[in-house]
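Spelled out, the chains give:
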Amino acid sequence: MSRRARTTAIVDYVDLVSDEDSIHCDNEEEWKPPQPKAVHCASESEKRPTKGPPKPRVPKKETAKRSSKTSKAELKQEKPENQMDVVTGNVKTESTKSEPSFKTKDERISFTIAKSDTLTQGTSSCANITAKKEEPEDDFTFDEPVLKKQKTGCQSSVPSKKLQASMKREMDMNWDLIEVLSTQTCVERWVCANVVTLLREENTVPFIVRYRKDMINHMDADAVRDVQLVFEELCTLAKKTQSVVNTLKKDGVLTTELEKSLKSCQSADELDHVYTPYKKGCKVTKVRKAKALGLESAAIALIEAPHTLDLRKWVKPGTEGLSSLEEVSTGVLHILAYTIAKDPETLTYVKRLCENDDVTLHSTVTKTALKEKEQEKSQPNDKKHKKQDLDKFQLYFNFTSTIRRVQPHQTLAVNRGESLKLLTVKVNIPDRVKNNFTWWCINNRWKTRTFAHQDHQTLIKNSVEDSYKRLIGPFLTRMYRTNLTKTAEKESVAMFVRNLRQRLLVCPVRGCVMMGVDPGFRHGCKLAILSPTGQILHTDVVYLHGSRNDREAEKLRYLMNKYSCSRVVIGNGTACRETESFFADLIAKCYFHPLDVSYCIINEAGASIYSVSTEAVKEMPDLDPNLRSAVSIGRRVQDPLAELVKIDPKHIGIGTYQHDVSSTVLKAALDGVVQECVSFVGVDINICSETLMRHVAGLNTARARNIAEWREQNGPFFNREQLKLVKGMGPKSYQQCAGFIRINQSVHSTECTPPAIPPKPAAKKGKGKANAPIPTHFNPLDQTCIHPESYDVAERFLSLIGKSAIEIGSKDLKQSVNHKVSSSGFDELSKKIGTTPETLKLIMDSLTQPPGFDIRQDFGQEDFKRGIVSIADLQVGAVLTGRVDNTCLFGAFVDIGVGRSGLIHKSNITLDKLPASQRRRSLALGPGERVEVRVLNVDPQRGRIGLDLIRVLH
């Protein structure tokens, strides 16, 4: 058996076929043809006669790889028994086998999927994996600019020999976890080892990224999460492998060589390739019927000794399946076709043929959809929703593209059209693949050992053709569709992650009274006037689009002057355009004088869902759900992060095809981004909501509720140490969350007396939390992102420059820090106070930032305006400014203030139009970014505007 070509795609186990003719193994010992002397296909093809189809072309770069392939047994013999571990410098030996005990999330799958045009690869290498870790797609950081990746080889806090041995025993595989992880993620080995160690110690990604930078070589959160996903994926693979080994052992077909092959697999696809020939089916298929009739020995003789085979001897009149020579031949054909289809070497060869040819994806409109479209023309008032669906998929009515050129959004669109029964999708494999495959099978792999009569040769040829048509062809089709879908889902989720991060980190608009407006026609426009801190001052309903709008305008003027409200936030739902025109006309007439009123349009996606949620009812119990949505719209501008975390990320209106990707994978990725954003921005523990608190790294729903209850019973927290008194807050939870929680001094007065806290709460008996004295005074360092574990380092640094913690953020302290660094040198200074350069950099940044510093100040706010233009006013060539509203796999939508967002196609987003800091991102634009654009085309009837990117504004 040749070595299975490895790929980084993780796919589900799939049988070769799923219908009545599926390939299944029974309990009998399976017959296989004798292995040829040359194991790999390339060597066998060298023995071909001059006539016949040429062997498939192999790229020059892969020639060396493929020619050097050997069987797993040969590789094992060449591999020395003892190896030196690159990470620890210790000698590794084969460990004893044990059951894998990793606690992994089985529902999470890897996103590390190879390109669609390389479905099988000779070896796993960094060349076939997106080098996202070397040059991250998103240069976003929360507290400081991205430091260049330093490949110094410095191995900070590498795992011990005991830990390495423990992982080896738990995985029970023939490969080293750290080595494979490094290969598949293109991350240095020592970094992978540290990430695995940190994850096994239950550290969260935000904590690792901020406070363990030296251990992960300054990787960003996305890169760490990718390593985490591949690590969980490999653990799941080890678990599945052990299950397969136990199953085969129970069936009595497990051999030493087979077990080595299974435990050498490095992906689920590779494991499936090795395991497929030994799967046991439960259906009574054609091949099982033929074997039950005893025709397996005839199939063996057809290849091994055809000169001795006389099928007429197998004919038994009156026996079903053996009553005629034709039925006997058909039974032998089914057995041989099945054997060919399950042979690993045969599957490897046919995949290689496809890899070097132009396999295409083709979609056409279904006859049913065309029939319904004709009916709509005669009955235009019926089935409008169907007509809209058809219009959306018009581009795919006759769509053809090679597998390697299919774009992710095209894959998702085709899949959706197919699920709606509007499109028929096929994978077209060229006929030359079938012809070359048939020739190779007959003349190489399944060549008869002795002379065969013409009838026998015809039967073998028919078996090969039947195997390809009925079994191998459908298997290849499913393989391509699965890999395309995995790749598309990966890109779609990555787009969601990037969009959500930028949407959550929009700079809040503080210090002003805000009016949130949920527009509507029949039920009126719902208003909510909010204080600068988000408190509800007044709610009302006005009918701006009726005959009595003059009276409603008077009510608006009265309310806005009463509460000194100069900012209006309008949701972008129904009646948005009309409501915007109403306010713009009043502003143009100076109707709200002396107030200088301006307005903005905000995406209201998810507001209605939130208004009837349990959290909204708990927060605003006496308010009508329609008015709650107006409150949510206004708060989305006052503090986007605090408001948007209350809504399920997939309902925020970001990205595309959110309903077409795995809900489990999408939720895990988006929840991780929400946790990062909330943690890195930081939360004031004394004023933040329970909903916001539960997204802090190290906290969950129960701990957030306990913190809120403690705050209600004992008053505000005066320092981070008091968190240890909260029920459920253990040492690990405190370590993970403490650095992301703020105790702002503005909430407290230096003369305020802290409340009397019971020294030993009843809930803490037996746990030892209240035994150690907890200070009750305010610590200025608690309002920074300095972790409590580094407080002593911060104090030493302050003493070194002659300052104190109460001077945090002052001009004098900043000057002293700069002078000390310039005189002593950064590295020398870190050695003097006994810390790492990364920790010292974080401490210096935190001490020099003003109290209450918000990292979102570097991100743009919502644009407030006073006038509008319509789509009818646009001219081709006009240059406008706008803000990116959403990005998708094929471009970016920009709000240019005309009621409709324009599309910048991804072909118009080129590197020369982007700032240098954004050129390493895959699409480079995200929600909230201000851009200058040129109008390329306008289609008022369809409401479409084409734009060209000129530059990104700052």
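Residues numbered from 1 in each chain as written. Predicted model: local features only at pLDDT ≥ 70, side-chain atom pairs only at ≥ 80, totals over all residues. Heavy atoms only, no water.

### Some words on the pairing of strand β6 (residues 514-518)
- Within β6, five of the five residues are buried, leaving the element largely enclosed by the surrounding structure.
- Side chains Met514, Gly516 and Asp518 of β6 all project onto a buried face; the interleaved residues Met515 and Val517 project onto the opposite face, where all are buried too.
- With five bridges connecting them, β6 and strand β7 (residues 525-530) associate as antiparallel partners. What sits directly across from Gly516, in β7, is Ala528. (Buried < 20%, exposed > 50% of the residue type's maximum accessible area, 1.4 Å probe, protein only. Helix = DSSP H or I, 4+ residues; strand = E, 2+ residues; numbered from the N terminus. Pairing = 2+ DSSP bridges.)

### Digging into the sheet that holds β7
- Strand order across the open sheet formed by five strands is β8-β7-β6-β9-β10, with mixed pairing between neighbours. Edge positions in the sheet fall to β8 (536-542) and β10 (598-602), since each of these pairs with one other strand and no more. Strand after strand, the sheet turns through a mean of 20° between neighbouring axes, direction not considered.
- Summarising the sheet, β6 and strand β9 (residues 567-571) pair through four bridges and their orientation is parallel. Bridge pairing in β9 links Gly516 to Val569. (Axes fitted to C-alpha atoms, helices over the stretch in contact; angles between N-to-C directions.)

### Overview of the sheet that holds strand β15 (residues 901-905)
- A barrel is described by the order of its strands in space; here five strands give the closed sequence β13-β14-β15-β17-β16, paired in mixed fashion. For this sheet, the mean inter-axis angle between neighbouring strands, taken without regard to orientation, is 50°.
- Sheet analysis places β15 next to strand β17 (residues 944-952), joined by two bridges and oriented parallel. Note that in β17 the partner of Leu903 across the bridge is Gly946.

### Points about the confidence of the model for the protein chain
- Looking at the protein chain as a whole, its pLDDT mean stands at 78, while 75% of the residues score no less than 70.
- Scored below 50 in pLDDT, residues 747-753 shows 10 contacts in the model against residues more than four places distant or in partner chains.
- Contacts from residues 759-770, a stretch scored under 50 in pLDDT, to residues over four places away or in other chains number 17 contacts. (pLDDT = per-residue confidence, 0-100. Contact = heavy atoms within 4.5 Å.)

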